[in-house]
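Descriptive structure summary
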Amino acid sequence: MSTMTVPEGNLITPEIIETRDRAKPSAQSAALPAGHSVSPDHNLTPQTMCPAFGSLRVLTRIDGVQTAMVTDTGCLYGLTFVTHFYASRKSIAAPAFGTKELVAGNVAEAAIASCVEASKMPGTKLIAAISLCVAETAGLTEEMLPAQINGIDVILVRVPAYAIHSHPEAKDVAINAILKKYAPPRMEVTADGVEKPLTYDGSNEEEEALRRKVIMLGEVFPADPISVDAVLKRLGSGLAATLPSRNLDDYKLARRVGAIAAVHPFYGGSVATLRAAGVPIISGAPVGPEASYNWIKAVAAALKLDPALAEQVAAEERDKCKAIISQFPLRGRIMVCGYEGNELLYARLLVEAGAEVPYISTSIQKSLYTAADEAWLKAHGTREIIYQKTLEQDVRALDVYRPDLVLGTTPLSAEAKQRGIPGMYYTNMLSVRPLFLSAGLAGTIQLIRDALERAPRYEWMREFFVGPRQAQAPAAPINTMD
Ligand code: SF4
């Protein structure tokens, strides 16, 4: 049984929390070098922003969507700050919501009042009421919100941190709420009396053209859709849109295209909605030679395109990737520890390019959509994949795997640099570059090679501040696959 001792004054520190598994320091953690900036014996530091930020980020970027944030002033302050830091350039309507209003039970009234304010803002086409921890705890139900206010549609986006555990997954909640509004399944009854989703509205020219196209579901760097579209055009297809999109009309197309390519694994809710609408789903992403080849063929199969042409285009793209790798191979052991939810994709690319990636961690949960990449990575040398990770788990992995490069969160990259290991901030350095197909591969490999080559400089800095390194025992990888 877990036990917790709370001393006088209710001050809880890592030292006084005992859990079943960590009551005593393990042999492994006892051997850790001194000077950690985080306690390695506990898992107290989840690595994700407030989940609601994911929803706010995608919603505030859509033209015509006005957000009404139903929360207390503390969350409002932090989330407004971060949203504007990421250049939302939009006001966020919110109620003055404190203890007094909570105690009075006026949550629905407060939510409706802020939606009314949102409806008055110029150009509003859709109001998104974002319900956060406090409002959800106090009890805000969907039925309490009107479907329209001043003739404008209202959607409820529920993202309390106790139910949605990471900000990538909160993006899915937001996109799914829009899809349910704008791309609901239309049903038809077949001749034998079976009801099934009607994917296409008719057989006019526009519908026929859309049936040959794909919508990519995933927040990607703007150059990626361009290179994907170019390859799809060679197949006689093309990209109809990429979601999340700035354009509300793109969400209305989602039920009408020939297939959805869910390139990130955390859009499970949106995928379920579109699958129920009868739209074929392609999972995985075109990263590295093997995955790019398979992805192009999967798109062609889903759209029933010419298989011989698909084989030719897929093989050409695979060979281009292989040629880049043979000219610029990666050598070294890399840890991939982001919180964006696309870490498994990056790890695949690095492994295909020749790197060793023994440890990967992410903020999202394990799901059906992470299964294929996880299986591939474990078959290619990855020893641990941690979902919903904490900073302490990542720091312990530094000791176990002794990487040559860390692609990590801010505190993990700082910890790596302190130890003389090159560390790069995953979000700022990787998620702002193309990744897909041969074009994405070339840029990513170059970035990683440059970072690996900087290792002597980091070691020099460590020695300058700390002194020469003591002899270390060789790394002893643990075998904890799950
Ligand atoms: S209380 Fe919930 S909504 Fe508010 S900042 Fe914390 S996690 Fe986010």
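Residues numbered from 1 in each chain as written. Predicted model: local features only at pLDDT ≥ 70, side-chain atom pairs only at ≥ 80, totals over all residues.

Turning our eyes to something else, we now look at unusual backbone geometry. At the junction of L243 and P244, the peptide bond is cis and its omega measures out at -5° in the coordinates. Even without being glycine, R402 reaches a positive phi, approximately 45°. You can see R402 is positioned in the loop between helix 16 (391–401) and strand 16 (405–408). (Helix = DSSP H or I, 4+ residues; strand = E, 2+ residues; numbered from the N terminus.)

Right, let's get into the sheet that holds strand 9 (residues 214–217). Pairing is parallel across the open sheet formed by four strands, whose spatial order is 10-9-11-12. Because the sheet does not close on itself, it has two edges, and the strands there are strand 10 (239–243) and strand 12 (281–283). Each strand axis lies, on average, 20° off the axis of its neighbour in the sheet, ignoring direction. The pairing of strand 9 with strand 11 (residues 259–262) spans four bridges and is classified as parallel. Pairing of V214 across the sheet is with A259, part of strand 11. This element, helix 9 (residues 223–234), spans strand 9 and strand 10 of the sheet and lies at about 155° to strand 10. (Pairing = 2+ DSSP bridges. Axes fitted to C-alpha atoms, helices over the stretch in contact; angles between N-to-C directions. Contact = placed C-beta atoms within 7 Å.)

A word on the packing of helix 2 (residues 52–60) against helix 7 (residues 167–182). Taken N-terminus to C-terminus, the directions of helix 2 and helix 7 make an angle of 50°; their axes are 6 Å apart at the nearest point. By the criterion of interaxial angle, the relationship of helix 2 to helix 7 is oblique. The element helix 2 and its partner helix 7 pack so that their crossing is right-handed. In this structure, helix 2 uses A52, F53, G54, S55, V58 and L59 to contact helix 7, whose residues at the interface are H167, P168, E169, A170, K171, V173, A174 and I175. (Parallel < 35°, antiparallel > 145°, perpendicular 65-115°, else oblique. Left-handed = near helix turned anticlockwise from the far one by under 90°.)

For the rest of this paragraph, the subject is the site of the ligand. Around the ligand, a shell composed of C50, A52, T71, C75, G78, L132, C133 and A161 is seen. Split into classes, the residues belonging to the shell around the ligand amount to six nonpolar, two polar and no charged. (Near = placed C-beta within 6 Å. Nonpolar A, V, L, I, M, F, W, Y, C, P; charged D, E, K, R; others polar.)

Remember, this is a structural readout, not a statement about activity or role.
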